[in-house]
Structure formats: C-alpha cells, structure tokens
Amino acid sequence: MSAGEGAGVTPDADITARTDAYFNRTRAIIGRYGDRRVTYALFLRRPVIAACGLMTDWLSGVAQARRLAIEIEQNFAEGDWVGAGEPLVYVTGSFHGLVDLETLLLQKLGPACVAAHNAYQMCLGLPKVRFLAMEARHCAGYDMQEMMAYAAAVGGRAAQREGALGFVGCANDATAHFYGAAAGSGTMPHALIGYAGSTLRAAEMFRECFPDADLTVLTDYFGREITDGLEVCRRFPELAAAGRMGVRLDTHGGRFLEGLDPQASYAVIERHVPGAIRRYRSESELRHLVGTGVSAAAIWRMREALDEAGFPKVRIIASSGFGVDKCRVMADAKAPIDVVGTGSFIPDTWSETYATADIVAYDGVPQVKLGREFLLRKIEGRHA
C-alpha cells in the first residue's frame, strides 16, 4: 500500500479554506494577469530523513483532480539522509495550479521528515531491538497520527538497511499498512488490569478471549512488576517456554521498579555492565540508567528475575519515554530489551519541523529571492 492510499483527494473548497489567504489572493491575481510555469524547491533547515511520500501522493492526487501537468522530482529516495537546506523535492507546473497548495504541502513534509530522522536514530541506537510505534495517543488528530506512523516506518526501514531490526509494527489498525501488517499490535492497557482486579486475572481474561495470540502482560499496575510478572509466567508455562510471552515494563517515573532503590539500582548495573556507571553521566543519563521508572537497572533486574525463575525465553517489552537519548543510554548499558514500544519519535521541538518552499525558476529561467541562492545553484547544476 502506498503512503497516501485511502486518503482521498482534498476538494478545492477545503484547500482554499485551509491555505494561507495570501496564496488564494495570489492565485486570483495570476488568473487575471496570466499563468507561468514555475519550479518550487521544498527543503528543511536541519538534517532529516527523506519521508516525502505522504506529501507527493497527496500532490499527485490534487494535480490529477485539477488536470494539472506537473513534474515531481525527488532528489532523495525515501529513507535517505538529507543535509540541512538541501532540496528534498522539486515541483514544476502551473503557477496558478500550484500556488495555493504550498501551505498544505509543507504541513505534510516537515514533521514527517523530522520524525523519520528521530525514528532512524532510535533504531540505530538499539539495533538488536524491535520497535513498536505507539504514537497515536500523543497526536492531535488522525492526520498527525498517520503522518507520525508513516514517518516511523520510513525511519525504521532506513535503519533496517543498516542492519537494525527497526520498527516492525504499530498499535492500531489504521496505520498498520505502513509496516506491511493487516492489524495493530498490543495486548492490554492498565485499565483492563484495574477492571480484572489483578494482573493474573487480566492475563487469564486475555488468554480466554484470544487463545491463539501471544501474550504480553503489563506488570506495573500494582507496583509488583517482578511478583506479578512471574505469577503470570507460572500460570502459562507453555507460552513462556515457547517464547510466546512477554512482560511489559511501564513503571511510573515517580517510583522505582519493585525491589529497587538508588543503591540497589547501582548494584544491578555493577553486576552486568560496570563500565556504564563509571563514566561521566548527565543528570538525564543517570535517570535513564539507575533512576526511577523504566531504567536500565529496572530492565536488567527484570531479566535477572525471569532467568532465575526458569523463564529465559520470556521477552521484555519496555515503554515510557524511549526517545533518542534514552535509547542511547540503554544501548550503552546493554539493557536486555526485546521490544520497545514508543511514540517518542514525535519531534520535541516543533519549530524544527517547519519546511519551506521557494520558487527557483519562472518559465525555466532560474530566479529566487535573495538569501536562497543555494537553491538556485542547486537547480542550475541540475540543468548544466
């Protein structure tokens, strides 16, 4: 399935309502004084991963509906690394037909490219870990959800080309096609455990309703990550032995995993990766390493408990704030994670996602506003 399949074509009336007024007015002026054939260059001011598919699919659909003859030249393949200021795409066609599309094109380009870059870095930071995209709850509506899921898939595939396992799925059905899947993945939220009254009963309910599915049990609801996790393993030993069971750690950042405190957390890291704790660490790095919540120490402690109890094939799924920095700390601590569930590839600094478009040629003659000559040189070199 293509990036934009199922999205449909945006009616002209909606484009007019959603674009900036000065583009609508410019379109009216062009309609009165005559059209010209222009070339737009679209770029970002920071390094990104090329994730242009949603934008180009949408543009192609609008062009077809408007019966516009346009040329879309992508300078980078999906998933390629792109330097700051390098044009990702050139679009050539009728000025009258394109001018009111700029606002919407930029909306569909910048955030996706930055999120793909974040996802790519996360996957390379933990190359032996599978990632599950869980961005939907953090998005402002379905348009953003689709864009972020698509971006994670692009960034994940870029990392896979370099040997990482990358993003292998997402948590909902609507965007599963970006990962080549028919449906979203996931077992249970905290709400089900509260409803069931115990972690074990929630797991039993899930198993009774979905007997053919693998089981991942969320273990932090009652603050007994190890106790409850092992109880469920003992209840379903055949799943545990077959590698079809996992425990998901989502411990709240206000407390330690069961049995840990600062001293015990340092001791866990000292047992497994002593070098990780002896280097200089920033405050945030120390928190990811030995602090509250889902720290590297917490993951190592859970692995110890599972192995000691005879469940070496039970997977550990980690969630809660796994952005680029946390993934790097986990890699340094060799944290025994099997899967990371995260939506933290969503850009933290939204201003970094702002894409820009400039016309760089009118009727084939190179011309651009002062200060953007680097775009002009790029297109001149292309036609040299």
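Preceding this paragraph is the structure being described.
Residues numbered from 1 in each chain as written. Predicted model: local features only at pLDDT ≥ 70, side-chain atom pairs only at ≥ 80, totals over all residues. Heavy atoms only, no water.

The next thing to look at is the side chain of Ser319. Relative to the helices and strands, Ser319 resides in strand S10 (residues 315–319). Residue class for Ser319 comes out buried when judged on its relative accessible area of 2%. Side chain to side chain, Ser319 and Asp250 meet in a polar contact 2.8 Å long. Apart from the residues within four sequence positions on either side, Ser319 is in contact with Arg248, Leu249, Asp250, Val294 and Gly341. (Helix = DSSP H or I, 4+ residues; strand = E, 2+ residues; numbered from the N terminus. Buried < 20%, exposed > 50% of the residue type's maximum accessible area, 1.4 Å probe, protein only. Polar contact = N/O pair within 3.5 Å; in protein donor to acceptor, adjacent residues only side chain to side chain. Contact = heavy atoms within 4.5 Å.)

Read across the sheet, five strands follow the order S3-S5-S1-S12-S13 without closing on themselves; strand pairing throughout is antiparallel. One side of each edge strand has no neighbouring strand; the edge strands of this open sheet are strand S3 (71–74) and strand S13 (365–366). Relative to strand S5 (residues 89–94), S3 runs antiparallel, the two being bridged by four bridges. In the sheet register, Glu73 faces S5, and the bridge partner there is Tyr90. The strands touched by helix H3 (residues 53–66) within the sheet are strand S1 (37–44), S3 and S5, with S3 carrying the most contacts at an inclination of about 170°. (Pairing = 2+ DSSP bridges. Axes fitted to C-alpha atoms, helices over the stretch in contact; angles between N-to-C directions.)

Turning to the packing of helix H11 (residues 262–272) against helix H14 (residues 296–308), a few remarks are in order. The N-to-C vectors of H11 and H14 enclose an angle of 70°; their axes lie 9 Å apart at closest approach. Classified by the angle between their axes, H11 and H14 sit roughly perpendicular to one another. Here H11 runs over H14; the crossing is left-handed. Note on element contacts: H14 touches H11 through Ala296, Ala297, Trp300, Arg301 and Glu304, opposite Ser265, Val268, Ile269, Arg271 and His272. Split by residue class, the contact of H11 with H14 holds five nonpolar, two polar and three charged. (Parallel < 35°, antiparallel > 145°, perpendicular 65-115°, else oblique. Left-handed = near helix turned anticlockwise from the far one by under 90°. Nonpolar A, V, L, I, M, F, W, Y, C, P; charged D, E, K, R; others polar.)

As a further point, take the layout of surface pockets. For the largest pocket, the calculated volume is near 990 Å³. Along the walls of the largest pocket sit 38 residues, with Leu132, Met134, Ser185, Gly186 and Arg248 positioned nearest its centre. Listed by contribution, the elements that provide at least two residues to the lining of the largest pocket are strand S6 (130–133), strand S7 (167–170), strand S8 (215–218), S10 and strand S11 (339–342). Among the residues forming the lining of the largest pocket, the class breakdown is 16 nonpolar, 16 polar and six charged. (1 Å grid on protein atoms, 1.4 Å probe; cavity = no way out; pocket = protein on both sides within 12 Å on 5 of 7 lines; lining within 4 Å. Points joined across faces, edges and corners; volume = space filled by probe spheres on them.)

Next up on the list: the packing of aromatic side chains. Under the counting rule described, the total for this entry stands at eight aromatic pairs. Taken together, a centroid distance of 5.2 Å and an interplanar angle of 35° make the contact between Phe206 and Phe210 tilted. Given a relative accessible area of 48%, Phe210 falls into the partly exposed group. These aromatic residues form a ring-pair network of at least three members: Phe131, Phe167 and Phe345. Just above the ring of Phe236 sits the side chain of Arg235; from NZ or CZ to the centre is 4.7 Å. (Phe/Tyr/Trp six-rings, centres within 6.5 Å; stacked < 30°, edge-to-face > 60°. Lys NZ or Arg CZ within 6 Å of the ring centre and 35° of its normal.)

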